[in-house]
Amino acid sequence: MSEIKFDWETGIDEVCTKLKDKKLIGIQLPDGLKVKSHTITKKIKELTGANVILWGEPTYGACDLADRPLEEVGADALIHLGHMPMPYHSEFYAIPTYFVPVKHTGKLNLKEDSLKEIKEILPKKIGIVTTAQHLHMIEEATEKLENIGFDASVTKGGPRLAAAGQLLGCNSSSARRLKVDGFLYIGTGLFHPLTVALSTGKRVACVDPHNAKVSEADPKPFLKQRYAAISIAKDAKRWAVLFSNQIGQKRIELAERMSKALEDAGKEVIMVGSIHQSHEQLLGMGIDAAVITACPRLAIEDGPTWPMPLLTVPETQIVLGRIKPDPYPFDEFA
Ligand code: SF4
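Rules behind the numbers
Residues numbered from 1 in each chain as written. Predicted model: local features only at pLDDT ≥ 70, side-chain atom pairs only at ≥ 80, totals over all residues. Helix = DSSP H or I, 4+ residues; strand = E, 2+ residues; numbered from the N terminus. Rg over C-alpha atoms; globule rule 2.2 N^0.38 Å. Buried ≥ 20, exposed ≤ 12 C-beta atoms within 10 Å, placed from the backbone. Contact = placed C-beta atoms within 7 Å. Near = placed C-beta within 6 Å. Nonpolar A, V, L, I, M, F, W, Y, C, P; charged D, E, K, R; others polar. Domains from an automatic or database assignment. Core = buried A, V, L, I, M, F, W, Y, C linked by C-beta atoms within 7 Å. Pairing = 2+ DSSP bridges. Axes fitted to C-alpha atoms, helices over the stretch in contact; angles between N-to-C directions.

Undergrad: Please clarify how the overall build of the protein chain should be interpreted in this entry.
TA: Assigned secondary structure in the protein chain consists of 11 helices and 15 strands. Over its C-alpha atoms the protein chain spans a radius of gyration of 21 Å, differing by no more than 12% from the 20 Å that the globule rule assigns to 334 residues. For the C-alpha atoms alone, the extent of the protein chain along its principal axes is close to 55 × 55 × 30 Å. Put simply, the protein chain has 334 residues, and 44% of those count as buried. In the protein chain, the share of contacts with a sequence separation of at least 24, taken over all contacts with a separation of at least 6, comes to 65%.

Next up, the structure:
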């Protein structure tokens, strides 16, 4: 098994050389890194001489920055750990914002057994995709797969993505832009490979970078659950249209369009804004169904725990008869 370590220190060292003139630096950490918050804060203080504050609200991605609240409390820079930037937002930060991706180090170490399993799942012409943590493993995977006869490609996605082969839970343009018959995903969990499986309809083999174990992303249970939610929502009379004010989750015009479309279909509609959306925000409002214009994965991953159907925008368009239910329309955040 290859040894995979977690490296955030190199990125902090690099960023801090640019922050020597700052007085108050805000940091944002994904939940998985909160255990390191004392170490990280101390290191930034030592390297810059600035005071450092941790922004305590959860952050789920580069879509979810604390630049504006930190500006309000007087911070003159933000260090956001764990994600790569969304390049098209770089002109709009309220304070200078620096991204420190947390990288797994080490090699992927794809052995014969794993390669054989990948061959059993995938056709010859494939794309390779991954998350920010494992981008450095793409090269090794490409070489080994080509050695056993695969035609493997990697490409840069749209402006929401910072690197070739990078995926987000709401954007698979680095996969969709390739003319291939299947995909290899390097990483852990189902969240990201499901983006590719749902948005392309093609087979996705997953290789775990910790142990090179191979599995296949199966979208069927999710599709079943999505079509069930769509079906229940067809009878809903009172709708909430949810939107976020966060830089990379804000689709206010889309929320207004959805609101109008639902009203035109005879529904009662209320638009509800917040940083992060939850069903508790709708308590007591008599809402029968909700559509989310912020992070579409909230509907897919958390929707089944809500007391009313929570749909993505394209799923709501199915309810309204504006698009066909098949193939499943994934809500791609452009
Ligand atoms: S999937 Fe959701 S949390 Fe992740 S980048 Fe997209 S909008 Fe943000």
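Undergrad: Explanation requested: helix α7 (residues 191-200) in the structure shown.
TA: In an α-helix, one full turn covers 3.6 residues, which means residues spaced three or four apart are oriented alike. With nine of its 10 residues buried, α7 lies for the most part within the structure. Within α7, the full set of buried residues consists of His-192, Pro-193, Leu-194, Thr-195, Val-196, Ala-197, Leu-198, Ser-199 and Thr-200. For α7, the elements touching its buried residues are β7 (125-130), α6 (173-176), β9 (182-186), β10 (203-207) and α8 (220-233). Positive backbone phi, approximately 75°, marks Gly-201, located one or two places after α7.

Undergrad: What is the right way to look at the environment of Ile-121 in this model?
TA: Along the polypeptide, Ile-121 turns up in helix α4 (residues 112-121). Once the C-alpha coordinates of Ile-121 and Lys-18 are considered, the two residues, 103 residues apart in sequence, prove to be 46 Å apart. Apart from residues lying up to four places away in sequence, Ile-121 is in contact with Arg-203, Ala-205 and Glu-216.

Undergrad: Help me understand the site of the ligand in this model?
TA: Looking at the ligand, the residues that line it are Tyr-60, Gly-61, Cys-63, Asp-64, Leu-168, Gly-169, Cys-170, Gly-248, Gln-249, Cys-295, Arg-297 and Phe-333. Of the residues contributing to the shell around the ligand, the split by class is six nonpolar, four polar and two charged.

Undergrad: What am I meant to see in the domain arrangement of the protein chain here?
TA: Domain annotation for the protein chain reports domain 1 (6-104), domain 2 (112-218) and domain 3 (222-319). Just the C-alpha atoms count here: the centres of domain 1 and domain 2 sit 29 Å apart. The partner domain 2 presents 11 residues to the 11 residues of domain 1 that form the contact. Per-class residue counts for the side of domain 1 that touches domain 2 are seven nonpolar, three polar and one charged.

Undergrad: In this structure, what is going on with the nonpolar core? I would like to understand it.
TA: The biggest cluster of nonpolar side chains holds 91 residues, and the ones touching the most others in it are Ile-79, Leu-184 and Ala-290. Looking at which element gives the most residues to this core, the answer is strand β12 (residues 238-244), with five residues. When sequence neighbours within four positions are dropped, the list of residues in contact with Ile-79 reads Val-15, Ile-25, Ile-27, Ile-44, Tyr-98 and Val-100.

Undergrad: Could you clarify how one ought to interpret the sheet that holds strand β8 (residues 151-153) in this entry?
TA: Whether parallel or antiparallel, the strands of a sheet pair through hydrogen bonds between backbone atoms. Read across the open sheet, the five strands follow the order β8-β7-β9-β10-β11; overall the sheet is mixed. If you trace the sheet from one side to the other, it starts and ends with β8 and β11 (214-216), each paired once. When strand polarity is set aside, the average angle formed by the axes of neighbouring strands in this sheet is 30°. With five bridges connecting them, β9 and β10 associate as parallel partners. For Gly-182, the partnering residue across the bridge sits in β10 and is Arg-203.

Undergrad: How do you make sense of the sheet that holds strand β15 (residues 310-311) when you look at a structure like this?
TA: With respect to topology, four strands assemble into an open sheet ordered β13-β12-β14-β15, the strand pairing being parallel. Where the open sheet ends on each side, the last strands, each with one partner, are β13 (268-274) and β15. Bridge analysis of β12 against strand β14 (residues 289-292) gives four bridges, and the strand direction is parallel. Within β14, the residue paired with Ala-240 across the bridge is Ala-290. The strands that helix α9 (residues 252-264) touches are β12, β13 and β14; relative to β12, the one it contacts most, it runs at about 175°.

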